[in-house]
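# Structural features, examined
Spelled out from the first residue to the last, the chains are:
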Amino acid sequence: MKAFFTSYFGLLVFCCICCRPNTALPDNAPERPQAFLHVGPPKTGSTYLQDIMEKFPKQLESQHVLMPREKPGGNFVKHFTLRHLDTALAYESHKHFINSSSYGVYSQYIAQVVATPGAKALLSDEDFFNAPLLLKELLSGFDVTVIYVYRDELSRLLSGCNQMMKTSHDVLISSCASFIQVQHSSPHVNPGFFPEQSNLDAFKSWVKDFKIIDMYGAMAAKQDLGHVFFCEVMGVLCNLTANGLEDKVQTNPAIHSEKILLLRRLFDQYAKRRGCPSTPHGSHGGHFVDETSDDIMIQFFKFAKGTAYESPQDWPLITYNLYPQVLYSMEHYRNFRDSEYGASFLYGNGTANNEASVKASQRSELNSFAMLMDPVVQNIFDKILHHIVKKKKCKHY
C-alpha cells in the first residue's frame, strides 16, 4: 500500500478521488427560480392563452406567477413582440438587444422574479421560438420549462394565410393554396411559419423540461387549451380552467370567410391600380382605403344586385389539390412524435391531426384573377371607389 501512494499513478488517483472540487449544492443553497416559456409558434392559440394571462393577472400573481409589465404597476404586456425588442429576437442580435431600451424592461422583470420568494416567471411570445440563444442569456439561473403548442402544419399554415388576407399582407399571393405551395418549396419566404426542430434542439441544451401540447389531440379529448396550459402544465388557475374559459375570455372574433377576404384583397389591388393611396398600417394592416372588410362587402353586395355576383355561391372558384401537403403534414407529425420530443407530448393524437390536415386540404378558392378581369366586377369596384371618394376624398382617384 505504501508503494502505491509513493508511485506517480497512486498519487494521481488519490488526488482525483480526494481533491476534486465539491459540485454538490450545500443544504442551504437557494433553489433556482422557475420560468415557463411559451414559444408559440404562430396560429396555435397563442392569443387565447395570452388573453387569459391578461384577464387574470391577480389570480396568477396570487399563485406566485409573475408576468412582465412595461413599467412597475403598469398594464400587463401579454406578449413581448418585436416592436418591444427592436427586431432583436428575429436576428438573435445580442449586442443590439442588450443596448436597447427593451433590455431594461426585461432586466427589471427578471430581477423582480428573483427577488420574490417562490415566484415563477411566465413569458409568452410567438417570436420566442426563433430566439433560443437570446433567451438562454436572459434566463440564465432559471429552471426553464418550454411550452410549445403543436398544430397540424397544413391547417396552421392555411390559418396564417387567412390572417394575412385579413391584414392585406404584402407578401401574400393570390390564393392560400398557392401560398402553401410556395411556402413548401421556398420556406425562406416566411420562415416564421416554418419552425424547425433545430430550434427546439437549441433550447434543449439549456432548458429543464419541454411540454408539447397537441392542440387537435386536446380538442379530440374535449380538453380546453387554456386548462391544459395553465392547470396541467403550470399547476395554476385550475378552478377557472376546469369550468372552461371561452365565456370568460374575449377571444378573437371569427374572421370572415375566405371568399370575403380574398374579394376584399382583390378590391385593395383594384384600388391601388386606380391610384388610391395607401393608408397607414392599422388594425386592418395597410389596406389601400380605410374601410373595413365588412364595409366593402356591404357596398359590393349593394352594387352587385341584379348581376352574376349578387350571391357569393355564384362567384368563380378554383379547386386546388393539396394532397402532397397533406402527406407532408402527416410525415411532419410522425417524425415529431418519433423524435426524442415524443415523450413530451400531451394529448398526442395522430388521427386527430391527420383528419385536420385532410379537412384543410379540401378547399375551393375564389378565382380572383377572373373576377378582377371581369368588366361587371370592375364596374362594381368603380362604384365602390366613387362612394369612398365622396367619404374619404381619395385625391389621386
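Residues numbered from 1 in each chain as written. Predicted model: local features only at pLDDT ≥ 70, side-chain atom pairs only at ≥ 80, totals over all residues. Heavy atoms only, no water.

Here helix α18 (residues 323-338) crosses helix α19 (residues 350-361) at 160°, and the two axes come no closer than 9 Å. On the basis of their axis angle, the class for α18 and α19 is roughly antiparallel. Relative to α19, the crossing made by α18 is right-handed. Between α18 and α19, the residues in contact are Val326, Ser329, Met330 and Tyr333 and Gly350, Asn353, Asn354, Ser357, Val358 and Ser361, respectively. Grouping the constituent residues of the contact of α18 with α19 by class yields 4 nonpolar, 6 polar and no charged. (Axes fitted to C-alpha atoms, helices over the stretch in contact; angles between N-to-C directions. Helix = DSSP H or I, 4+ residues; strand = E, 2+ residues; numbered from the N terminus. Parallel < 35°, antiparallel > 145°, perpendicular 65-115°, else oblique. Left-handed = near helix turned anticlockwise from the far one by under 90°. Contact = heavy atoms within 4.5 Å. Nonpolar A, V, L, I, M, F, W, Y, C, P; charged D, E, K, R; others polar.)

Another aspect to go through is the pattern of salt bridges. Counted by the stated rule, this structure contains 5 salt bridges. With a shortest N-O distance of 3.0 Å, Arg156 and Glu153 are connected by a salt bridge. Of the two residues, Arg156 and Glu153 are both situated in helix α10 (residues 153-166); the distance of 3 residues between them amounts to about one turn of the helix. Grouping residues by exposure puts Arg156 and Glu153 together as buried. The residue Lys204 makes a salt bridge to Glu340 at a minimum N-O spacing of 2.9 Å. One end of the pair, Lys204, is in helix α12 (residues 197-204); the other, Glu340, is in the loop between α18 and β7 (345-346), with 136 residues separating them in the sequence. The class for Lys204 is partly exposed, based on a relative accessible area of 35%. (Salt bridge = Lys/Arg side-chain N within 4 Å of Asp/Glu carboxyl O. Buried < 20%, exposed > 50% of the residue type's maximum accessible area, 1.4 Å probe, protein only.)

Let us now look at the packing of aromatic side chains. All told, the structure shown has 17 aromatic pairs when counted by the stated rule. Here Phe203 and Trp206 contribute two aromatic rings whose centre-to-centre distance is 5.8 Å and whose plane-to-plane angle is 40°, an arrangement assigned as tilted. Exposure remark for Trp206: the relative accessible area of 15% places this residue in the buried category. Judged by centre distance (5.3 Å) and plane angle (80°), the rings of Phe210 and Tyr341 are edge-to-face. With a gap of 131 residues between them, Phe210 in strand β5 (residues 209-214) and Tyr341 in the loop between α18 and β7 connect regions that are remote in the sequence. Take Phe210 and Tyr341: they sit in the same class, and that class is buried. (Phe/Tyr/Trp six-rings, centres within 6.5 Å; stacked < 30°, edge-to-face > 60°.)

Pairing is parallel in the open sheet, where 6 strands are placed in the order β2-β3-β1-β4-β5-β7. Only two strands of the sheet have a single partner each, and these edge strands are β2 (65-66) and β7. For strand β1 (residues 34-38) and strand β4 (residues 143-150), the ladder comprises 5 bridges, and the chain directions are parallel. In the strand pairing of β4, Gln34 is matched with Asp143. Across the sheet, helix α14 (residues 225-234) is in contact with β1, β2, β3 (120-124), β4, β5 and β7; its angle to β5 comes to roughly 155°. (Pairing = 2+ DSSP bridges.)

Glancing now at the side chain of Ser329. Position of Ser329 relative to the elements: it lies in helix α18. Apart from the residues within four sequence positions on either side, Ser329 is in contact with Tyr150, Asp152, Glu153, Leu154 and Ser357.

Moving on, we get to the pairing of β1. Burial analysis of β1 places 4 of its 5 residues in the buried class, which makes it a mostly covered element. Examined bridge by bridge, β1 and β3 share 5 bridges and lie parallel to one another. Paired with Phe36 across the two strands is Leu122, which belongs to β3.

This next bit is on the confidence of the model for the protein. In this model, the protein carries an average pLDDT of 75, and 66% of its residues clear a pLDDT of 70 or more. This stretch, residues 187-192, has a pLDDT under 50; its non-local contacts, to residues over four places away or in other chains, come to 7 contacts. Confidence drops under pLDDT 50 across residues 280-286; counting only partners more than four residues distant or on other chains, this segment forms 10 contacts. (pLDDT = per-residue confidence, 0-100.)

Looking now at helix α17 (residues 293-304). The terminal C-alpha atoms of α17, which comprises 12 residues, lie 16 Å apart, in line with the 16 Å expected from a rise of 1.5 Å per residue. The complete set of buried residues in α17 reads Ser293, Ile296, Met297, Gln299, Phe300 and Ala304. All buried residues of α17 project into a common sector of 165° when viewed along the axis, lining one side. Exposed side of α17, more than 90 degrees from the buried face: Ile298 and Lys302 are the residues found there. (Expected span 1.5 Å × (residues − 1). Arc of directions from axis to C-beta.)

Next up on the list: the side chain of Ser361. When you line up the elements, Ser361 lands in helix α19. The exposure class assigned to Ser361 is buried, which follows from its relative accessible area of 13%. At 2.7 Å, the side chain of Ser361 forms a polar contact with the backbone oxygen of Val358. Setting aside residues up to four positions removed in sequence, Ser361 forms contacts with Leu154, Tyr320, Leu322 and Val326. (Polar contact = N/O pair within 3.5 Å; in protein donor to acceptor, adjacent residues only side chain to side chain.)

So, about α14. Counting buried positions along α14 yields 9 of 10 residues, so the element is predominantly enclosed. The set of residues buried in α14 consists of Leu225, Gly226, His227, Val228, Phe229, Phe230, Cys231, Val233 and Met234. A side-chain oxygen of the first residue of α14 lies 2.9 Å from the backbone nitrogen of Gly226; this N-cap is Asp224. Backbone geometry just after α14 places Gly235 at a positive phi near 75°.

Before going further, it helps to examine unusual backbone geometry. In this structure, the amide linkage connecting Gly40 to the following residue, Pro41, adopts the cis form with an omega of 0°. Note that Pro41 resides in the loop between β1 and α3 (46-55). The phi angle at Lys43 is positive, at roughly 65°, despite the residue not being glycine. With respect to the secondary-structure elements, Lys43 resides in the loop between β1 and α3. With a phi close to 70°, His64 is a non-glycine residue in the positive phi region. Looking at the element boundaries, His64 is found in the loop between α4 (57-62) and β2.

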